[in-house]
Amino acid sequence: MLKRYQVLLSDWIEDYIKVVAEKYDISTSAVIRIHMGLAIIFVMTTLYPEYKQNFTDKEFQELAKKAAKGKLDEVEAHNAMSRILFEARKAVEFRLAIDTKQKKK
């Protein structure tokens, strides 16, 4: 389920989001969700080395390079977005489970 939030962004972030949204013909909301998902995955794997994601760094790099060259078709792009958000959700659930265990102690 998606919820609406008002978020204040610096001009340079807004400019970047607009460029990416136009380049890949996706909504600004989707761009923000994807980038937040990537950030969540990065932070969780950095803070919790025991957390194992199903995306390797090499897969991320190949996906990013392919996207930058405009070589992702619509199906591949949709699958990549879904996979990123799925992995981010798993990472958040991992973190929330840790927080719940710590509160019970």
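Residues numbered from 1 in each chain as written. Predicted model: local features only at pLDDT ≥ 70, side-chain atom pairs only at ≥ 80, totals over all residues. Heavy atoms only, no water.

Undergrad: Got a minute to help me understand the nonpolar core in this structure?
TA: When a protein is soluble and globular, its nonpolar side chains tend to lie buried together. Counting residues in hydrophobic clusters, the biggest one holds eight residues: Ile 34, Ile 41, Phe 55, Phe 60, Leu 63, Ala 80, Ile 84 and Ala 88. Breaking this core down by element, the ones donating at least two residues are helix H2 (28–47), helix H3 (57–68) and helix H4 (74–104). At three residues, H4 tops the list of elements feeding residues into this core. Every residue in contact with Ala 88, bar those within four places of it in the chain, is listed here: Gly 37, Ile 40 and Ile 41. Core analysis: the next-biggest nonpolar cluster, separate from the first, contains five residues, Met 44, Tyr 48, Tyr 51 and Ile 98 among them. (Core = buried A, V, L, I, M, F, W, Y, C linked by side-chain atoms within 4.5 Å. Buried < 20%, exposed > 50% of the residue type's maximum accessible area, 1.4 Å probe, protein only. Helix = DSSP H or I, 4+ residues; strand = E, 2+ residues; numbered from the N terminus. Contact = heavy atoms within 4.5 Å.)

Undergrad: Quick question: what am I supposed to make of the packing of aromatic side chains here?
TA: The description of two aromatic rings rests on the distance between their centres and on the angle between their planes. Here the structure, examined in full by the defined rule, presents three aromatic pairs. Ring centres of Tyr 48 and Phe 94 lie 5.8 Å apart, and the angle between their planes is 75 degrees; on these two criteria the pair is classed as edge-to-face. A residue pair is termed long-range when its members are at least 10 positions apart, and Tyr 48 in the loop between H2 and H3 and Phe 94 in helix H4 qualify at 46 residues. Residue Tyr 48 is classed as buried on the basis of its relative accessible area of 15%. Assessed through its relative accessible area of 24%, Phe 94 is described here as partly exposed. Members of the aromatic cluster, joined through ring pairs, are Tyr 48, Tyr 51 and Phe 94. Cation over ring: Arg 83 sits above Phe 55, and NZ or CZ is 3.7 Å from the ring centre. (Phe/Tyr/Trp six-rings, centres within 6.5 Å; stacked < 30°, edge-to-face > 60°. Lys NZ or Arg CZ within 6 Å of the ring centre and 35° of its normal.)

Undergrad: Would you explain H3 in this entry?
TA: For the α-helix, the turn length of 3.6 residues means that residues three or four positions removed from each other point alike. Between its first and last C-alpha, H3 extends 16 Å over 12 residues, near the 16 Å set by a 1.5 Å rise per residue. Among the residues of H3, those classed as buried are Phe 60, Leu 63 and Ala 67. Down the axis of H3, the sector holding all buried residues measures 65 degrees, keeping them to one side. Facing away from the buried surface of H3 by more than 90 degrees, the exposed residues are Asp 57, Lys 58 and Lys 65. Contacts from the buried residues of H3 go to helix H1 (11–24), H2 and H4. One or two positions beyond H3, positive phi appears at Gly 70, with a value near 70 degrees. (Expected span 1.5 Å × (residues − 1). Arc of directions from axis to C-beta.)

Undergrad: What exactly am I supposed to notice about unusual backbone geometry here?
TA: For residues other than glycine, phi is negative in most cases, and the peptide bonds are mostly trans. Of note, the phi angle at Asp 25 is positive, near 55 degrees, even though the residue is not glycine. Of note, Asp 25 is situated in the loop between H1 and H2. Judged by relative accessible area, which is 70%, Asp 25 ranks as exposed.

Undergrad: Before we go on, may I ask you to explain the pattern of salt bridges in this structure?
TA: Close approach of charged atoms allows side chains of opposite charge to pair. Enumeration over the complete set of coordinates arrives at six salt bridges. Lys 18 is paired through a salt bridge with Glu 14; the nearest N and O atoms lie 3.1 Å apart. Highlighted residues: Lys 18 and Glu 14, both in helix H1, separated by four residues, approximately one helical turn. Judged by its relative accessible area of 42%, Lys 18 falls in the partly exposed class. Given the relative accessible area of 32%, Glu 14 is considered partly exposed. For the salt bridge of Asp 99 with Arg 95, the shortest nitrogen-to-oxygen distance reads 3.4 Å. With a gap of four residues between them, Asp 99 and Arg 95 both fall in helix H4, about one helical turn apart. On the accessibility criterion, Arg 95 (27% relative accessible area) is partly exposed. (Salt bridge = Lys/Arg side-chain N within 4 Å of Asp/Glu carboxyl O.)

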